[in-house]
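Tertiary structure, described
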Amino acid sequence: MLALVAVLLCAPPVGQLLELREGTLTYTVVHKLHEVRGTTRQVEGRALAQPDGTIRVQVRAKVASFDSGHSNRDEVKGVLSGVNLPLRQMQEATLHATVELNGEKQTQDVPVKLEPAEAGVRATFSFPFSLDAFKVERPELLLIKVDDRATIAGDLRFEAAK
C-alpha cells in the first residue's frame, strides 16, 4: 500500500475538509535495458486544511492496482505547512516526510507543487529513493539488477468534501 499522510501534533481538527476527486500515483525503476513504470488511478484520500496554514493529508492506493505487470511496496508520512486555502496562485511547499518501505524507515523532504484547480487544489510531487536503503531486493533481467534509484510521483486533485 502506498499512502501519503501528513500528521501534526496540533489542536483538534478544525478547518476545511477536502476529498481526493481524482489523481495518479506512479513509481519508476530503471534497468539498463528498459524502464518500468507502474501507474494507478485507483487512489483515495482526504485532506484537512487548518486556519494556521497546516494541511493534514492522507492518500492511499493498493499496490495491486498499479498497472506495470509487476507489484509490491509501502507508505509516506509527513508534515506540510504554510498553506492557506483557498489557494489564489501556485505555491511550492515541502513535505517533511518519513518514507516507510519494506519495513524500513528513512526521512526525506519532498517538494510539492500546489495549484488552484476547479473547486479545490492540485498537488504534484516526485521524489527519488534508494531501493537498497530500504532493503528492497532489486528485480533482475538477464542477470542485471534494476538501478538502485527509483522514483515515486503523484498528481492529485482535492475538492471540498460534501
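Residues numbered from 1 in each chain as written. Predicted model: local features only at pLDDT ≥ 70, side-chain atom pairs only at ≥ 80, totals over all residues. Heavy atoms only, no water.

Overview of the overall build of the protein
The helix and strand inventory of the protein stands at zero helices and 12 strands. In the protein, the order of α-helices and β-strands from amino to carboxyl end is β-β-β-β-β-β-β-β-β-β-β-β. Taken as a whole, the protein presents about 9300 Å² of accessible surface, with 49% of it coming from carbon and sulfur. (Helix = DSSP H or I, 4+ residues; strand = E, 2+ residues; numbered from the N terminus. Areas by Shrake-Rupley, 256 points an atom, 1.4 Å probe, with all protein chains shown as cover.)

Re a nonpolar patch on the surface
A cluster of nonpolar residues, Leu33, Leu141 and Leu142, forms a patch on the protein surface that exposes about 310 Å² of accessible area. Within the secondary structure, Leu142 is located in the loop between β10 (140-141) and β11 (144-145). (Patch = residues over 30% accessible without salt bridge, like charges linked within 9 Å, V, L, I, M, F, W, Y side chains within 5 Å. Salt bridge = Lys/Arg side-chain N within 4 Å of Asp/Glu carboxyl O.)

Observations regarding the nonpolar core
Of all hydrophobic cores here, the largest spans 35 residues; its most connected members are Phe125, Leu156 and Phe158. The set of elements that each furnish at least two residues to this core consists of β2 (16-30), β4 (43-49), β5 (55-61), β7 (91-101), β8 (104-117), β9 (120-130) and β12 (149-160). Looking at this core, the element that brings in the most residues is β9, giving five residues. Among residues more than four places away in sequence, those in contact with Phe158 are Leu18, Glu19, Leu20, Arg21, Gly45, Arg46, Ala47, Val57, Val59, Gly120 and Val121. (Core = buried A, V, L, I, M, F, W, Y, C linked by side-chain atoms within 4.5 Å. Buried < 20%, exposed > 50% of the residue type's maximum accessible area, 1.4 Å probe, protein only. Contact = heavy atoms within 4.5 Å.)

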